[in-house]
Amino acid sequence: MYEVVAFWKVMAKGPARARGLIAALLFLFGSQASGAAPNWTLDPTASVITYQSVKKNTIVETNKIRNITGTLSSAGDAKVTFDLNSVDTGVDLRNVRMRFLFFETFKYPTAELTAKVDPAAFGDLATKRRVKATLPFRLNLHGVDKDLEASVVVTMISDTMVSVASEAPVAVHVEDFGLLPNIDKLQQAANVTNIVPTASVSFDFVFTADGSKPAATQAAAASSADVGPVATDAAKANFSDEECLNRFAVLSRTGAIYFRPASARLDAKSRPLLTEVEGVVGKCPSLKVEVSGYTDSDGSPEANKLLSERRAQAVADALVAAGIPRNQVSSTGYGEERPVAANDTPKNKALNRRIEFSATKL
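Residues numbered from 1 in each chain as written. Predicted model: local features only at pLDDT ≥ 70, side-chain atom pairs only at ≥ 80, totals over all residues. Heavy atoms only, no water.

Looking at an unreviewed UniProt entry, one finds the protein named Flagellar motor protein MotB and attributed to Rhizobium loti. In its Subcellular location (unreviewed entry) section, UniProt records this for the protein: "Cell outer membrane". (UniProt positions renumbered as here; feature names shortened; annotations may be inferred.)

Enquirer: Go over the overall build of the protein, please, and point to the residues and values.
Expert: Broken down by element type, the protein carries 10 helices and 15 strands. Taking all 362 residues of the protein together, 45% fall into the buried category. For the protein, the exposed surface amounts to about 17600 Å²; the carbon and sulfur share of it is 55%. (Helix = DSSP H or I, 4+ residues; strand = E, 2+ residues; numbered from the N terminus. Buried < 20%, exposed > 50% of the residue type's maximum accessible area, 1.4 Å probe, protein only. Areas by Shrake-Rupley, 256 points an atom, 1.4 Å probe, with all protein chains shown as cover.)

Enquirer: Summarise the nonpolar core; cite the residues concerned and give the values.
Expert: Among the nonpolar cores identified, the biggest contains 81 residues, and Phe82, Phe248, Val291 and Phe357 are the most heavily contacted of them. When near neighbours in sequence (up to four residues on either side) are disregarded, Phe357 contacts Phe248, Leu251, Ser252, Ile257, Val277, Val289, Glu290, Val291 and Val315. (Core = buried A, V, L, I, M, F, W, Y, C linked by side-chain atoms within 4.5 Å. Contact = heavy atoms within 4.5 Å.)

Enquirer: Any chance you could break down the layout of surface pockets for me, citing the residues and the numbers?
Expert: Here the largest pocket is characterised by a volume of approximately 980 Å³. Around the largest pocket, the lining comprises 34 residues; the ones closest to its centre are Thr254, Gly255, Ala350, Leu351 and Arg353. Of all elements in the fold, only helix H5 (180-190), helix H7 (241-251), strand S13 (287-294), helix H9 (301-321), helix H10 (346-352) and strand S15 (354-361) reach the threshold of two or more residues within the lining of the largest pocket. Here the lining of the largest pocket takes five residues from H5, the largest share from any one element. For the lining of the largest pocket, a count of residues per class yields 15 nonpolar, nine polar and 10 charged. Looking at the lining of the largest pocket, you find at least three residues from each of domain 1 (38-207) and domain 2 (239-359). The space that makes up the second largest pocket amounts to roughly 680 Å³. (1 Å grid on protein atoms, 1.4 Å probe; cavity = no way out; pocket = protein on both sides within 12 Å on 5 of 7 lines; lining within 4 Å. Points joined across faces, edges and corners; volume = space filled by probe spheres on them. Nonpolar A, V, L, I, M, F, W, Y, C, P; charged D, E, K, R; others polar. Domains from an automatic or database assignment.)

Enquirer: So what about the sheet that holds strand S14 (residues 329-333)? Which residues, and what values?
Expert: With mixed pairing, three strands are arranged side by side in an open sheet as S14-S13-S15. Every interior strand has two partners, whereas the edge strands, S14 and S15, have only one. In this sheet, neighbouring strand axes are inclined to one another by 25° on average, regardless of whether the strands run parallel or antiparallel. In this structure, S13 lies alongside S15, joined through eight bridges in antiparallel fashion. Residue pairing for S15: Leu287 is matched across the bridge by Lys361. Lying on the sheet, H7 is in contact with S13 and S15; it crosses S15 at an angle near 165°. (Pairing = 2+ DSSP bridges. Axes fitted to C-alpha atoms, helices over the stretch in contact; angles between N-to-C directions.)

Enquirer: Pulling in residues and values, what's your account of empty space enclosed by the protein?
Expert: For the structure shown, the criterion picks out three cavities of 30 Å³ or more. Around the largest cavity, the lining is made up of 17 residues, and of these Ala78, Val117, Leu135, Val164 and Phe207 lie nearest the centre. Of all the elements, strand S12 (residues 198-209) adds the most residues to the lining of the largest cavity, at three residues.

Enquirer: Please provide a residue-by-residue account of the pairing of strand S4 (residues 68-72), values included.
Expert: Along S4, the buried face is formed by Ile68, Gly70 and Leu72; none of Thr69 and Thr71, which line the opposite face, is buried. Sheet topology places strand S1 (residues 40-42) next to S4; two bridges connect them, and they run antiparallel. Across the sheet, the residue bridging to Thr41 is Thr71, located in S4. Judged from the five bridges that link them, S4 and strand S5 (residues 77-83) form a sheet pairing that is antiparallel. Bridge pairing links Gly70 to Val80 in S5. Connecting S4 to the antiparallel partner S5 that follows it, the hairpin turn spans four residues, and Gly76 within it adopts a positive phi of roughly 95°.

Enquirer: Any details on the packing of aromatic side chains? Residues and values, ideally.
Expert: Under the counting rule described, the total for this entry stands at five aromatic pairs. When the centroid spacing of 6.4 Å and the interplanar angle of 85° are considered together, the rings of Tyr51 and Phe103 count as edge-to-face. Linking Tyr51 in strand S2 (residues 48-55) with Phe103 in helix H3 (residues 92-103), this pair joins segments that are 52 residues apart in sequence. No difference in accessibility class separates Tyr51 from Phe103, as the two residues are buried. An angle of 40° between the planes, with centres 6.1 Å apart, marks the rings of Phe82 and Phe205 as tilted. Here Phe82, found in strand S5, pairs with Phe205, found in strand S12; they are 123 residues apart in sequence, far enough to count as distant. For Phe82, a relative accessible area of 4% gives the class buried. Here Phe205 falls in the buried class, since its relative accessible area comes to 4%. Each residue in the set Tyr51, Phe102 and Phe103 is aromatic and connected to the rest through ring pairs, giving one cluster. (Phe/Tyr/Trp six-rings, centres within 6.5 Å; stacked < 30°, edge-to-face > 60°.)

What follows is the structure in structure tokens.
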């Protein structure tokens with residue numbers, strides 16, 4: 001009854017104002033009238049998500065995830081998906097570290113936010129045009145689901161465009177998603193200390209009613225603010241030599257190639273990273289890749305060298321089996337030589353049991 005009375009009051013003020021209220025009512029209450037309400041689609045050129053991290057206790061870095069998709073149904077079901085391969089730090093090497101060492105995109109390429117928006121909570125959006133609320137949501141990241149909440153500001157930008165933005169940053173604790181060991185990998189790769197294991201995440205998701213077009217001024221503003229989709233590795237035909245070297249160096253630090261104990265037989269858990277390596281080698285046709293194997297110091301040096309050679313050869317054979325030309329891949333085993341840590345703890349020994357990739361010109 002309230003909606004009907006409000007409708008006639010606004011009609012008296014003019015048709016343009018009435019159309020705005022009609023759009024809002026359809027959005028907020030349309031689930032009660034079958035088929036009346038539109039669904040909404042996230043506009044990736046106008047939407048943005050950023051996260052801030054702190055290293056060395058005082059240095060703050062702000063990064064973005066550029067490729068975002070999402071939907072908001074007339075019933076209030078929201079889903080937003082983030083392509084973690086589109087993480088943007090402004091530097092290719094840092095991008096690759098974040099992708100492979102922290103997010104482990106070769107296993108978990110996307111993160112997803114889901115929420116249920118209660119239309120009743122925004123009953124006065126049509127007249128106020130801007131409403132604050134607390135929005136519970138579920139975040140799936142690194143294979144883990146976590147229930148969180150955000151203070152949001154919902155704004156009707158136009159009759160067919162709605163913004164859902166964070167009023168304050170959302171704290172995301174990396175240990176909640178099993179990412180704490182990956183902080184160590186980042187610190188070792190970047191030679192930094194004291195990365196704070198909590199990120200502050202801010203967002204502004206702009207949804208447009210299905211069938212409508214984003215305002216040209218909005219799209220232009222987004223472009224000038226360095227917002228919107230970017231080309232990821234999957235869209236590139238070939239990498240530059242620098243991009244190739246960056247990827248080989250970082251892939252070597254993932255520790256995600258596994259063998260059976262005292263064996264050169266690849267474990268099935270190695271497949272995601274091997275697939276990533278195959279993709280990189282295939283896009284670096286001017287470089288020859290050396291697969292290097294290393295072991296810890298348990299056992300005799302002679303046996304360790306032989307084992308490392310067999311393991312490196314197993315990885316090289318897997319790349320060739322995937323279609324990489326044989327003349328582009330070689331393998332070498334170094335045994336217990338060149339340790340990256342002292343062989344004094346199980347953790348350090350695991351660091352020394354590794355496969356690395358290096359490249360030279362063909």
